[in-house]
Amino acid sequence: MDDSKFLEASAKHPIVEGHVYKYGTAGFRMKADLLPGVSFRVGLIAGLRSRKLNGQAIGVMITASHNPAPDNGVKIVDPMGEMLEQDWEAHATLLVNAPTHEELLETYKKLASQLKIDLNTPGRVVYGRDTRPSGHSLVSALADALEATGIEYTDYKILTTPQLHYLTRCVNTEGTPKAYGEVSEAGYYNKLSEAFVRALRGRKVQGQLIVDCANGVGGPKLNELLKVIPKDVTGFNVKVVNDDVLRPEVLNLDCGADFVKTKQRAPPNFKPTPEARCCSLDGDADRLIYYWADPDSGFFMLDGDRISSLNASFIGDLVRSAGLEEELRIGVVQTAYANGASTTYIEKNLQLPVVCTPTGVKHLHHAACQFDVGVYFEANGHGTVVFSQEALRVFREKKPQSPAQKDALETLAAVGDLINQTVGDAISDMLMVEVILAHKAWSLKDWATTYTDLPNRLVRVEVANKDIFETTDAERRLSHPPGAQDEIDQCVRKYTTARSFARASGTENACRVYAEAATRHEADELATKVASIIKQYGS
Ligand code: G16
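A quick note: this is a predicted structure, and the numbers were derived from the prediction, not measured. (Residues numbered from 1 in each chain as written. Predicted model: local features only at pLDDT ≥ 70, side-chain atom pairs only at ≥ 80, totals over all residues. Heavy atoms only, no water.)

Peer 1: I would appreciate a short explanation of the layout of surface pockets in the present structure.
Peer 2: Gaps left between atoms are located by rolling a probe of water-molecule size over the structure's atoms. The space that makes up the second largest pocket amounts to roughly 680 Å³. Lining of the second largest pocket is provided by 24 residues; of these, Arg-169, Phe-387, Gln-389, Leu-392 and Gln-421 occupy positions nearest its centre. Across the lining of the second largest pocket, the residue classes break down as 10 nonpolar, 8 polar and 6 charged. There are two domains that each give the lining of the second largest pocket at least three residues, and those are domain 1 (3–158) and domain 3 (304–448). (1 Å grid on protein atoms, 1.4 Å probe; cavity = no way out; pocket = protein on both sides within 12 Å on 5 of 7 lines; lining within 4 Å. Points joined across faces, edges and corners; volume = space filled by probe spheres on them. Nonpolar A, V, L, I, M, F, W, Y, C, P; charged D, E, K, R; others polar. Domains from an automatic or database assignment.)

Peer 1: In this structure, what is going on with the site of the ligand? I would like to understand it.
Peer 2: Around the ligand sit 19 residues in total, of which His-66, Glu-378, Ser-505, Gly-506 and Thr-507 are the nearest. In this structure, an oxygen atom belonging to the ligand sits 2.7 Å away from a side-chain N or O atom of Ser-65. Contact distances for the ligand include 2.4 Å between an oxygen atom and a side-chain N or O atom of His-66. For the ligand, whose free accessible area comes to 460 Å², the fraction covered by protein is 98%. Of the residues that constitute the shell around the ligand, the class distribution is 2 nonpolar, 10 polar and 7 charged. (Near = heavy atom within 4 Å. Polar contact = N/O pair within 3.5 Å; in protein donor to acceptor, adjacent residues only side chain to side chain. Areas by Shrake-Rupley, 256 points an atom, 1.4 Å probe, with all protein chains shown as cover.)

Peer 1: For this particular structure, what's the right way to read the UniProt feature "domain: Phosphoacetylglucosamine mutase AMG1" (unreviewed entry) in the protein?
Peer 2: Feature annotation in UniProt assigns "domain: Phosphoacetylglucosamine mutase AMG1" (unreviewed entry) to the following positions: residues 199–288 and 303–442. In this annotation, residues 199–288 is assigned 28% helix and 18% strand; the end-to-end C-alpha distance for the span is 20 Å. Helix makes up 54% of residues 303–442 and strand 13%, and the two end C-alpha atoms of the span are 17 Å apart. (UniProt positions renumbered as here; feature names shortened; annotations may be inferred. Helix = DSSP H or I, 4+ residues; strand = E, 2+ residues; numbered from the N terminus.)

Peer 1: Whenever I open this one, the packing of aromatic side chains confuses me. Can you help?
Peer 2: Any two aromatic rings considered together are summarised by their centre-to-centre distance and by the angle between their planes. Going through the model one piece at a time under the given rule, you end up with 16 aromatic pairs. With a centroid separation of 5.6 Å and an interplanar angle of 75°, the aromatic rings of Tyr-188 and Tyr-189 are classed as edge-to-face. Accessibility expressed as a relative area gives 3% for Tyr-188, which makes it buried. Relative to Phe-300, the ring of Trp-292 has its centre 4.8 Å away and its plane inclined at 15°; by these criteria the two rings are stacked. For Trp-292, a relative accessible area of 7% corresponds to the buried category. Note on Phe-300: relative accessible area 28%, which makes it partly exposed. In this structure, Arg-169 is placed above the aromatic ring of Tyr-180, and the distance from its NZ or CZ to the ring centre is 4.7 Å. The positively charged end of Lys-440 is found above the aromatic ring belonging to Trp-442, 4.7 Å away from the centroid. (Phe/Tyr/Trp six-rings, centres within 6.5 Å; stacked < 30°, edge-to-face > 60°. Buried < 20%, exposed > 50% of the residue type's maximum accessible area, 1.4 Å probe, protein only. Lys NZ or Arg CZ within 6 Å of the ring centre and 35° of its normal.)

Peer 1: What is the right way to look at the pattern of salt bridges in this model?
Peer 2: Under the criterion given, the structure shown has 35 salt bridges. Linking Asp-78 and Arg-49 is a salt bridge whose minimum nitrogen-to-oxygen distance equals 2.7 Å. Placement of the pair is Asp-78 in the loop between strand 3 (71–77) and helix 3 (86–96) and Arg-49 in helix 2 (residues 36–52), with a sequence separation of 29 residues. Among the residues examined, Asp-78 registers a relative accessible area of 5% and is labelled buried. With its nearest N and O atoms 3.0 Å apart, the salt bridge here joins Glu-397 to Arg-393. In this pair, Glu-397 and Arg-393 are both assigned in helix 14 (residues 389–397), 4 residues apart and thus about one turn of the helix distant. You can call Glu-397 partly exposed: its relative accessible area is 44%. Overall, Arg-393 belongs to the partly exposed group, its relative accessible area being 33%. (Salt bridge = Lys/Arg side-chain N within 4 Å of Asp/Glu carboxyl O.)

Peer 1: I would appreciate a short explanation of the UniProt feature "binding site: Mg(2+)" (unreviewed entry) in the protein in the present structure.
Peer 2: The UniProt record marks Ser-65, Asp-282, Asp-284 and Asp-286 with the feature "binding site: Mg(2+)" (unreviewed entry), using the residue numbering of this structure. Across 222 residues in sequence, these annotated residues keep their C-alpha atoms within 8.0 Å of one another, forming a single compact spot. The subset of these annotated residues that lines the largest cavity comprises Ser-65, Asp-284 and Asp-286. Assignment of secondary structure puts Asp-282 in the loop between strand 8 (277–281) and strand 9 (288–294). Among the residues examined, Asp-282 registers a relative accessible area of 0% and is labelled buried. Other than its neighbours up to four places away in sequence, Asp-282 contacts Ser-65, His-66, Cys-213, Ala-214, Asn-252, Ala-257 and Arg-287. Mapped onto the elements of the fold, Asp-284 is located in the loop between strand 8 and strand 9. The class of Asp-284 is buried, set by a relative accessible area of 1%. (Contact = heavy atoms within 4.5 Å.)

Peer 1: Honestly, the sheet that holds strand 3 in this entry has me stumped. Any pointers?
Peer 2: Within a sheet, each strand pairs with its neighbour through backbone hydrogen bonds, oriented either parallel or antiparallel. Strand order across the open sheet formed by 5 strands is 1-3-2-4-5, with mixed pairing between neighbours. Strands at the two margins of the open sheet, each flanked by one partner only, are strand 1 (28–31) and strand 5 (152–158). When the angles between neighbouring strand axes are averaged without regard to direction, this sheet yields 15°. The pairing of strand 4 (residues 124–129) with strand 5 spans 5 bridges and is classified as parallel. Residue pairing across strands places Arg-129 opposite Ile-158, the latter belonging to strand 5. (Pairing = 2+ DSSP bridges. Axes fitted to C-alpha atoms, helices over the stretch in contact; angles between N-to-C directions.)

Peer 1: Help me understand empty space enclosed by the protein, please; the structure alone is not making it clear to me.
Peer 2: Under the definition given, this model contains 5 cavities of 30 Å³ or more. Space inside the largest cavity adds up to approximately 420 Å³. Listing elements by their share of the lining of the largest cavity, those giving two or more residues are helix 10 (256–263), strand 15 (456–461) and strand 19 (511–516). If one sorts the elements of the lining of the largest cavity by residue count, helix 10 sits on top with 3 residues. For the lining of the largest cavity, a count of residues per class yields 7 nonpolar, 13 polar and 11 charged. Taken as a whole, the second largest cavity holds about 60 Å³ of empty space. As for the second largest cavity, its lining consists of Tyr-166, Tyr-180, Tyr-188, Lys-191, Leu-192, Asp-417, Leu-418, Ile-419 and Asn-420. Secondary structure elements with two or more residues in the lining of the second largest cavity: helix 7 (185–200) and helix 15 (403–418). Counting the residues that make up the lining of the second largest cavity, at least three belong to each of domain 2 (186–297) and domain 3 (304–448).

Peer 1: Help me understand the nonpolar core, please; the structure alone is not making it clear to me.
Peer 2: Most often, soluble globular proteins have nonpolar side chains that are buried together. By size, the foremost hydrophobic cluster in this structure holds 84 residues, and its most contacted members are Tyr-290, Ile-315, Phe-387 and Met-430. Counting residues per element, this core draws most heavily on helix 16 (residues 426–440), which supplies 10 residues. Those residues in contact with Met-430 that sit more than four places away from it in its chain are Leu-209, Val-211, Leu-222, Phe-236, Cys-279, Leu-288 and Tyr-290. In this structure, Phe-28, Leu-34, Ile-117 and Ala-141 belong to the second largest nonpolar core, which totals 45 residues. (Core = buried A, V, L, I, M, F, W, Y, C linked by side-chain atoms within 4.5 Å.)

What follows is the structure, encoded as structure tokens:
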């Protein structure tokens with residue numbers, strides 16, 4: 001390795017002195033001007049990880065997803081399209097915080113030797129970015145690190161986050177029995193379109209779907225996908241709104257999945273017609289929220305919990321129809337943000353086990369992989385369904401005993417291709433919801449009647465130092481600062497069926513407070529009280 005080349009490249013991309021960087025819920029995420037040095041150093045760690053894994057490609061995505069336009073982020077994707085293994089988050093944090101270029105080089109070499117990585121072996125990194133203008137300089141810092149350390153790389157330019165996850169897996173499985181798909185953006189569209197048609201099994205999608213793309217990368221990419229979906233065969237009639245990616249400042253502004261979920265209302269800049277189904281993606285198209293709005297009943301939202309139970313119920317029925325209920329274990333993974341009514345519905349009505357993990361798809365994904373069919377969605381609309389290799393094999397190879405079994409097996413096989421197995425993917429999830437509604441001949445109102453949500457409220461609280469708030473019990477309780485949880489408990493006790501918790505966000509400089517209670521008024525009141533406890537402890 002050429003040390004002087006390394007130091008020269010690093011000198012072009014310093015980190016910001018005095019700032020402490022941390023690999024959070026979804027990588028390093030903050031104001032974009034704090035990030036060029038981070039991106040360079042993430043290039044170093046991605047290259048090391050690839051070398052450690054015998055040259056398998058590692059993905060790097062430059063995005064700040066639901067965050068406002070001035071933010072950006074860098075995150076690492078493992079070879080099968082999963083999130084970076086947790087031990088390596090610590091290595092990444094260590095490397096990114098090295099104070100000088102010389103110490104960076106030293107830490108880099110130390111890590112390589114500690115992890116037994118031969119720096120002369122080949123390594124490969126593939127990367128993409130969302131539509132934020134700051135992505136340009138972050139990508140060039142990343143490429144400089146890869147050049148300086150002799151790592152081969154491919155720049156896939158502008159992508160949704162799930163597309164980068166898809167491509168990473170495709171690159172690493174190409175030409176093997178586990179080939180995930182064609183290694184190109186077109187391959188992604190063709191795979192989804194083909195699986196969508198197969199999963200519908202001759203049914204047609206009814207009515208119009210309005211898709212709010214948060215003025216992010218999902219807009220142009222959804223438009224590309226729609227070009228290859230045969231409208232005559234599927235009946236898929238989509239109106240794309242908020243797909244302006246030319247004015248960066250409108251990204252996630254008063255629109256998108258995070259806005260709809262937290263404000264519990266439709267984006268103000270478009271008027272949903274009473275009969276239309278509506279949905280919103282977030283800025284990098286990995287979250288999805290459905291809703292409708294009509295003059296009589298007002299706004300009604302179908303969030304990640306609803307998408308989760310819809311998928312679990314549909315796939316559970318198919319598994320039973322295919323005669324596989326004894327062979328395959330189905331489970332659902334949620335976080336503390338899941339509405340209590342959804343958990344009860346899944347456990348009592350669908351008779352499926354529910355596991356609770358901390359926030360972050362990396363935690364949910366891991367827990368979901370313990371099942372043959374693992375359904376995981378965060379309430380914010382981020383999630384997917386993962387199938388074990390065994391489940392996918394059985395869908396393809398089991399000999400059906402009846403036409404109904406054949407139909408169920410073929411539908412399951414199509415669904416396995418339609419749902420992005422690597423990570424939550426709003427576009428793929430949206431096609432899946434449309435398939436299920438078409439199979440059940442359901443409107444959004446039919447879907448909404450499955451259970452009644454407990455009224456809930458999510459509040460963002462800005463504090464001086466969010467890092468003093470530490471949690472336990474899958475983030476349902478605060479272990480620090482001392483006394484804060486007792487005060488929350490006292491507050492919650494005053495309501496009949498209520499629940500509330502607080503935690504530090506891993507993607508924003510703030511804490512989040514969640515509350516649910518028997519009535520709208522009580523949920524709002526409880527959230528406000530707990531938010532003021534957090535404000536007081538955090539000041
Ligand atoms: C990211 C993560 C999600 C998480 C969300 C909020 O989403 O991928 O798993 O729920 O952040 O996390 P936190 O509450 O820690 O800020 P996205 O869509 O922003 O990438």
